[in-house]
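Chain by chain, the residues run as shown.
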Amino acid sequence: MEQNGEQGNLSQVRRVVLVLSGKGGVGKSTITTELALALRHAGKKVGILDVDLCGPSIPRMLCAGRPDVHQCDSGWVPVYTDAQQNLALMSIGFLMEDPDEAVVWRGPKKTALIGQFVSDVAWGELDILLVDTPPGTSDEHLAVLENLRKHRVDGAILVTTPQSVSTGDVRREITFCKKTDVRILGIVENMSGFVCPHCSECSNIFSRGGGEELAKLTGSVFLGAVPLDPLLSASLEDGRDFLQAFPDSATFSSISAIAQTLLSRLEG
Amino acid sequence: MADVPSDAPEHCPGTTSEQAGKSSACQGCPNQTICASGAAKMPDPEEIKQKMATVKHKVLVLSGKGGVGKSTFSAHLAHALASDESKEVALLDVDICGPSIPKIMGLEGEQVHQSGSGWSPVYVEDNLAVMSIGFLLSGPDDAVIWRGPKKNGMIKQFLRDVDWGELDYLIVDTPPGTSDEHLSIVQYLNAARIDGAVIITTPQEVSLQDVRKEIRFCQKVKLPIIGVVENMSGFVCPNCKNTSQIFPPSTGGAQKMCEELRLPLLGRVPLDPRIGKSCDEGKSFLGEVPDSPAAKAYHSIVQSIKDYCSSRSTQ
């Protein structure tokens, strides 16, 4: 029998999806942010839980600033990034008084905080909660799973860049998912080619094809590829909604397609 | 019982026990080899200080942010230092969950051997040795799903039990963040005196905001900072030669951060698809494309690091 208190905060969250990668810097936070925006544009109520304690990137990407985080009877009130309250966010970034202060914690302390995060945020009603994670297969990832398991984990998206230094680490993350019984919803290949805005020549700065090869090799679904786009980077820097600003871009099409595929994988 | 992981087989003796990896309960456990090697035990820090006495210069490569090019930089720093055949260089990869160094150094599939004097590192050249947990894993899909204490044990093992010999330079590549691995490597090496840290970033604020935390970490643990390297600093299209800022320095990039924090900017390395290609193929970019702007930037940065280390020697 689930405990009512813990079950309460996640009981109205329909789907929970982890965003993972063995590799750092491939775009987990970027993909989490853009998928969240795409799903919100598609009419869904979305939440993001940022459990990267050492490097919380999501607040900046959503221009959430440094708001005060409040508590209500059920726990922490998430920060809403829009007036309609369709995109909710909780990040440790909000709990730090000094944004330049390092969180220099060993595993057990990180595990304890993540446990709190997962159980004590009053999400209310959400169609989907995306959980952004740091790179690796360690304390944070185990803590998230152990705590979410009390509610549900619908699966994980794995993010990679095309080159084999990246897919090499993501293979290990896939093993992590298999060992911990997390359904792999699919693989997203980020930084998939760069089209020069001056002459339209495509350069494969981080190699090519690795994401699809990895999907084939591991029997996973390839969700899609997102190109390197300076306009996307700039939007993330300023916390602007890229999808609203550049609806005609190739990047917009890729992200929207991935969001749709994700929704059908979740319903299927 | 202490140190019995939650997913351990029944009757696991505990990772720090004398029976670790050797008891009948350990048969078939994915961590058996690592436990049997003693990696998860907690050894004496004095031993590390003694071991490190034959290492002249120790340089950490850090970044708060993932994917900025720490391993790429560490590998090429090691190659550049080892190009002087009179120098003995070693590269230690303490990224336990995502060990990239074996691939980047062209050493995938290599194994570590044990002898009377300890573990032998893997040699790329006669004067360039490498150690990584990657060499202890049985395959490319093996995941190291360890919590902090076990990772710390492995790092201590690397420092205590690897037969490094006499070294001019030990380069330590780290994972992103400010956690167990970083605290451990600083704690274990502190008695042996670390020359300093090189901090890697990319130009955009999303990176810099994490890197500032790393710099705070260094200040907290009194780790000197040699300087900052800005990687992926602009891309010159090979076709039309125009420059694009794929990772835009929207808040002034590393230069502004270094001015504010009064740190040396060691250099900027541009994006070059041939760097990633070299890394994937396990070759040194400096050897493959020596005349590129990126290679020249690397060489200038390496020289600054050498100069810094030499000036530490004479102090």
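What counts, and where the lines are drawn
Residues numbered from 1 in each chain as written. Chains lettered and ligands numbered in written order. Predicted model: local features only at pLDDT ≥ 70, side-chain atom pairs only at ≥ 80, totals over all residues. Heavy atoms only, no water. Pairing = 2+ DSSP bridges. Helix = DSSP H or I, 4+ residues; strand = E, 2+ residues; numbered from the N terminus. Axes fitted to C-alpha atoms, helices over the stretch in contact; angles between N-to-C directions. Salt bridge = Lys/Arg side-chain N within 4 Å of Asp/Glu carboxyl O. Contact = heavy atoms within 4.5 Å. Buried area = accessible area lost by both parts, 1.4 Å probe. Nonpolar A, V, L, I, M, F, W, Y, C, P; charged D, E, K, R; others polar. Patch = residues over 30% accessible without salt bridge, like charges linked within 9 Å, V, L, I, M, F, W, Y side chains within 5 Å. Areas by Shrake-Rupley, 256 points an atom, 1.4 Å probe, with all protein chains shown as cover. Lys, Arg positive; Asp, Glu negative; His and termini not counted. Charge placed at Lys NZ, Arg CZ, Asp CG, Glu CD. Buried < 20%, exposed > 50% of the residue type's maximum accessible area, 1.4 Å probe, protein only.

Caption draft 1: The arrangement of the sheet that holds strand β8 (residues 196-201) of chain B in detail. Residues and elements named next belong to chain B. Strand order across the open sheet formed by eight strands is β5-β6-β2-β7-β1-β8-β9-β12, with mixed pairing between neighbours. The sheet is open, and its two edges are formed by β5 (122-125) and β12 (265-268), each paired on a single side. Geometrically, the sheet is characterised by an average inter-axis angle of 20° between neighbouring strands, direction not taken into account. As paired elements, β8 and strand β9 (residues 225-230) share five bridges and run parallel to each other. The partner of alanine 197 across the bridge, within β9, is isoleucine 225.

Caption draft 2: Region of interest: the pattern of salt bridges. Residues and elements named next belong to chain A. Tallying each qualifying case throughout the model produces 24 salt bridges over all chains. The closest approach of N and O atoms between aspartate 127 and arginine 14, which form a salt bridge, is 3.8 Å. One end of the pair, aspartate 127, is in strand β7 (residues 126-132); the other, arginine 14, is in strand β1 (residues 13-20), with 113 residues separating them in the sequence. Across the pair aspartate 82 and arginine 40 runs a salt bridge whose closest N-O atoms are separated by 3.6 Å. Taken together, the positions of aspartate 82 in the loop between β5 (79-80) and β6 (87-91) and arginine 40 in helix α2 (residues 28-41) put the pair 42 residues apart, joining distant regions of the chain.

Caption draft 3: Representation of the interface of chain A and chain B in the model. Contact residues are listed per partner, giving 55 residues for chain A and 62 residues for chain B. A combined buried area of about 4900 Å² lies between chain A and chain B, and 53% of that area is made up of carbon and sulfur atoms. When the buried area of chain A at its contact with chain B is split by residue, Arg106(A), Arg172(A) and Glu237(A) rank highest and sum to 15% of it. Between the two partners, chain A and chain B, sit five salt bridges. Note that Arg106(A) is salt-bridged to Asp180(B), the shortest N-O span being 3.5 Å. For the side of chain A that touches chain B, the secondary structure elements donating two or more residues are α3 (58-61), α4 (107-120), α5 (139-148), α6 (164-179) and α8 (230-238) of chain A. A breakdown of the residues in the side of chain A that touches chain B according to their chemical character gives 22 nonpolar, 18 polar and 15 charged.

Caption draft 4: How the structure looks around a negative patch on the surface. There is a patch of like negative charges on the surface, built from Asp84(B), Glu85(B), Glu88(B), Glu125(B), Asp126(B) and Glu166(B). Following the sequence through the fold, Asp126(B) ends up in the loop between β5 and β6 (128-132).

Caption draft 5: Representation of the pairing of β1(A) within the structure. Residues and elements named next belong to chain A. Among the eight residues that make up β1, seven are buried, leaving the element largely enclosed by the rest of the structure. Relative to β7, β1 runs parallel, the two sharing six bridges. Bridging across to β7, valine 13 finds its partner in leucine 126. Judged from the four bridges that link them, β1 and strand β8 (residues 155-160) form a sheet pairing that is parallel. Pairing of leucine 18 across the sheet is with alanine 156, part of β8.

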